[in-house]
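The residues making up each chain are set out below.
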Amino acid sequence: MSLSVTENALRRRCLNLAKRIADDLATRELTTGQFEQPDFYAKAFAVNLWTRTDPVKFGPNIARALDALRSEPQDKTYHREFIDYALLDTPGLSSGTIADILRNTKQQCPDVANWQMLGLINRQKRNAGLTAKLLNLVHLTFILLRYWRAPVFMDRPDCFSTQYHAFCTALLSDSPNKRHQRIANRATEILAQLAGTHGFVNLLGRGAGQSFGATCGLYVLLKNGYRNEAEAILHRLEDALVKAGKLPLNLLSPAPLQKNPGPENSQTPGWYSYNRHDDYLAFAGYWLLKASQLPAPKHIRSLASGTASNDIVTQFSSSYYHAQMTVCGRQSFDVSGAPVIVSGQGKSARIFLPPTGGEQDVPSLYDEASQPLPAIGETEFARFLGARQISDDKIDAAFELAGIVGHRQIEFQNSRAIISDQISSQDTGEVDLFRILIDGNIGLTQIAEDTILCRELGIKLTSNAPLHMIPHATFSAAGPATRIIAKTAQGHNTTLTISWGDSDA
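Residues numbered from 1 in each chain as written. Predicted model: local features only at pLDDT ≥ 70, side-chain atom pairs only at ≥ 80, totals over all residues. Heavy atoms only, no water.

Q: I'd love a proper account of the sheet that holds strand β10 (residues 394–401), names of residues and values included.
A: Strand order in this open sheet of eight strands is β9-β10-β11-β12-β19-β16-β15-β14, and the pairing throughout is antiparallel. Unpaired on one side and paired on the other, β9 (383–391) and β14 (445–448) mark the two borders of the sheet. Between one strand axis and the next, the sheet turns through 20° on average, direction left out of account. (Pairing = 2+ DSSP bridges. Helix = DSSP H or I, 4+ residues; strand = E, 2+ residues; numbered from the N terminus. Axes fitted to C-alpha atoms, helices over the stretch in contact; angles between N-to-C directions.)

Q: Hey, could you go over the nonpolar core for me, with residue numbers and the actual values?
A: Counting 90 residues, the largest nonpolar core has Leu25, Tyr41, Phe45, Trp50, Phe167, Leu237 and Trp287 as its most contacted members. The element best represented in this core is helix α12 (residues 277–292), accounting for 10 residues. Those residues in contact with Leu237 that sit more than four places away from it in its chain are Leu17, Ala214, Thr215, Leu218, Leu247, Leu251 and Leu288. Phe352, Ile410, Leu457 and Trp500 belong to the second largest nonpolar core, which has 31 residues in total. (Core = buried A, V, L, I, M, F, W, Y, C linked by side-chain atoms within 4.5 Å. Buried < 20%, exposed > 50% of the residue type's maximum accessible area, 1.4 Å probe, protein only. Contact = heavy atoms within 4.5 Å.)

Q: For the pattern of salt bridges, give the residues involved together with the corresponding values.
A: Overall, the coordinates contain 31 salt bridges when judged by the stated rule. Two residues, Arg330 and Asp158, come together in a salt bridge whose shortest N-O distance is 3.6 Å. Of this pair, Arg330 sits in the loop between β4 (321–326) and β5 (340–343) while Asp158 sits in the loop between β2 (152–153) and α8 (162–174); the two residues are 172 residues apart in sequence, bridging distant segments of the chain. The salt bridge partner of Lys487 is Asp432, with a shortest N-O separation of 2.8 Å. With Lys487 in strand β18 (residues 479–488) and Asp432 in strand β13 (residues 431–439), the pair connects residues that are 55 residues apart, well separated along the chain. Taking the relative accessible area as the measure of exposure, Asp432 reaches 4% and is therefore buried. Members of the salt-bridge network, linked through shared partners, are Arg52, Asp89, Lys125, Asp174 and Lys290. (Salt bridge = Lys/Arg side-chain N within 4 Å of Asp/Glu carboxyl O.)

Q: Hey, could you go over the sheet that holds β4 for me, with residue numbers and the actual values?
A: What the four strands build is an open sheet, ordered β3-β4-β5-β6; its pairing is antiparallel. At either margin of the open sheet sits one strand with a lone partner, and together these are β3 (313–317) and β6 (350–353). Adjacent strand axes in the sheet meet at a mean angle of 20°, parallel and antiparallel pairs treated alike. Here five bridges tie β3 to β4, and the two strands are oriented antiparallel to one another. Looking across to β4, one finds that Val313 is bridged to Thr326. The sheet contacts of helix α9 (residues 178–195) involve β3 and β4, and relative to β3 the element is tilted by about 45°.

Q: Describe the side chain of Ser343, listing the residues and the values that go with them.
A: Looking at where Ser343 falls in the secondary structure, it is placed in strand β5. Residue class for Ser343 comes out buried when judged on its relative accessible area of 5%. The residues touching Ser343, leaving out its near neighbours within four places in the chain, are Tyr320, Tyr321, Ala349, Arg350, Phe352, Leu457, Ile459 and Trp500.

Q: Tell me about the pairing of β14, and please be specific about residues and values.
A: Where β14 lies against strand β15 (residues 451–454), three bridges are found, and the strand directions are antiparallel. Looking across to β15, one finds that Thr445 is bridged to Leu453. Taken together, β14 and the strand that follows it, β15, pair antiparallel across an intervening segment of two residues.

Q: Now, about the packing of α8 against helix α10 (residues 211–223): what can you tell me, with residues and values included?
A: Following both chains from N to C, one finds α8 and α10 inclined at 45°, their axes separated by 8 Å at the closest point. With respect to α10, the axis of α8 lies oblique. The chirality of how α8 crosses α10 is left-handed. Across from Gln163, Tyr164, Ala166, Phe167, Thr169, Ala170, Ser173 and Asp174 in α8, the residues of α10 making contact are Phe212, Gly213, Cys216, Gly217, Tyr219, Val220 and Lys223. Taken together, the residues that form the contact of α8 with α10 break down as eight nonpolar, five polar and two charged. (Parallel < 35°, antiparallel > 145°, perpendicular 65-115°, else oblique. Left-handed = near helix turned anticlockwise from the far one by under 90°. Nonpolar A, V, L, I, M, F, W, Y, C, P; charged D, E, K, R; others polar.)

Q: Please provide a residue-by-residue account of the packing of helix α6 (residues 113–126) against helix α7 (residues 130–147), values included.
A: For the pair α6 and α7, the least separation of the axes is 10 Å and the interaxial angle reads 165°. Relative to α7, the element α6 lies roughly antiparallel. Judged by the twist between their axes, the crossing of α6 over α7 is left-handed. Across the interface between the two elements, Ala113, Gln116, Met117, Gly119, Leu120, Arg123 and Gln124 from α6 touch Ala132, Leu135, Asn136, His139, Leu140, Phe142, Ile143 and Tyr147 from α7.

No statement about biological role is implied by the geometric values presented.
As structure tokens, then:
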């Protein structure tokens with residue numbers, strides 16, 4: 001099947017991005033074969049990308065990187081599965097060279113879906129014998145039982161992340177194993193739903209907004225014929241590259257790379273202590289190059305807008321906005337105390353309520369103050385207990401604050417999202433309800449004590465209690481965030497309505 005003009009253009013854009021990343025990595029490589037900043041697996045994926053892109057042009061870079069890989073310290077942080085995967089997929093790289101680099105190191109095998117799946121794929125690539133096939137069958141069964149909750153892959157048991165769901169889906173989709181591909185096909189549709197027309201595909205869970213997951217989502221959507229959704233993601237990647245000058249790690253807050261990126265630098269939101277810029281850069285280039293080489297899909301697919309929910313992820317989409325939430329998880333960064341909301345359609349769509357929370361189990365810019373749940377001042381914060389779906393368009397979430405259980409109900413309507421907080425008034429003192437975070441780059445105007453306008457997006461926020469707006473109060477994955485709260489004295493039952501298309505907005 002020949003590619004249409006549109007599909008050719010998409011693949012050409014993917015190839016151009018991959019080539020730019022290859023060039024960028026080459027300029028960042030030092031004479032030692034290392035990169036300017038520490039990395040876990042960037043050298044291996046860079047070798048793959050350079051070999052597939054132009055092995056002559058990047059010959060010296062490849063040689064230096066391979067030498068550096070041979071001398072890499074193989075301590076407890078050694079990303080054996082990632083390095084092995086990249087090298088096994090590199091054309092012309094001998095098994096002896098790979099063995100020399102890995103030096104019989106053991107698999108890390110953490111209790112994380114993508115690492116487990118990498119180990120499975122690596123074994124499949126390395127050995128086609130009967131014993132390996134049996135081991136692969138047992139390993140796949142383990143992975144499915146522990147992490148697969150159709151139609152989603154859990155990042156860790158009972159914890160969802162779109163980024164790592166996309167990565168797992170890409171790994172299986174790229175596998176020649178037919179069963180792997182069938183599972184990947186089931187897992188792809190939810191990525192199309194999450195990307196929608198706006199292209200912000202990985203807004204939920206660990207790693208929200210990072211290039212890592214966006215490129216994996218682009219690959220599987222393009223491969224499975226979701227052309228419009230794939231193009232929307234590609235636009236976000238290109239737009240972030242233009243704004244940052246180079247492809248940034250965090251697409252939601254694109255900026256030139258800082259000399260000291262990380263949790264201690266307020267100019268690098270979306271980074272955690274284990275993030276490595278060159279890892280994510282090389283990894284993104286790897287999947288973009290693969291996307292550029294895909295054959296034409298057998299069918300062009302599209303999704304109808306509306307509600308598409310399961311026990312793990314809740315979504316709502318209308319012509320005005322798109323909302324999504326995770327309703328289960330073990331830690332604060334796994335769940336959505338408030339929905340992530342993208343306002344508008346297509347390329348002009350903007351994130352209004354950004355991903356919040358970050359990863360509190362490792363250093364990050366995010367702390368408890370970034371949790372969009374009620375609190376008492378800046379010292380006592382609500383703890384998410386769980387959530388359930390009341391109806392197609394309504395969620396009830398339970399939280400605990402000062403030893404008292406409260407409830408938050410969230411209702412999605414065509415042009416409104418309504419958030420109601422209720423907590424017992426006994427001995428809690430003055431409570432800050434809502435604590436909703438809004439992208440700090442969006443202009444807000446308070447026109448009455450209970451009304452705030454966002455004129456540039458045509459949004460009005462109203463409440464049955466006085467609202468307080470605190471600009472740049474904390475951080476979200478999209479950068480500094482404005483906090484909206486309702487302070488109450490005794491009556492702890494308050495509603496916030498976010499409405500689109502209002503004539504006053």
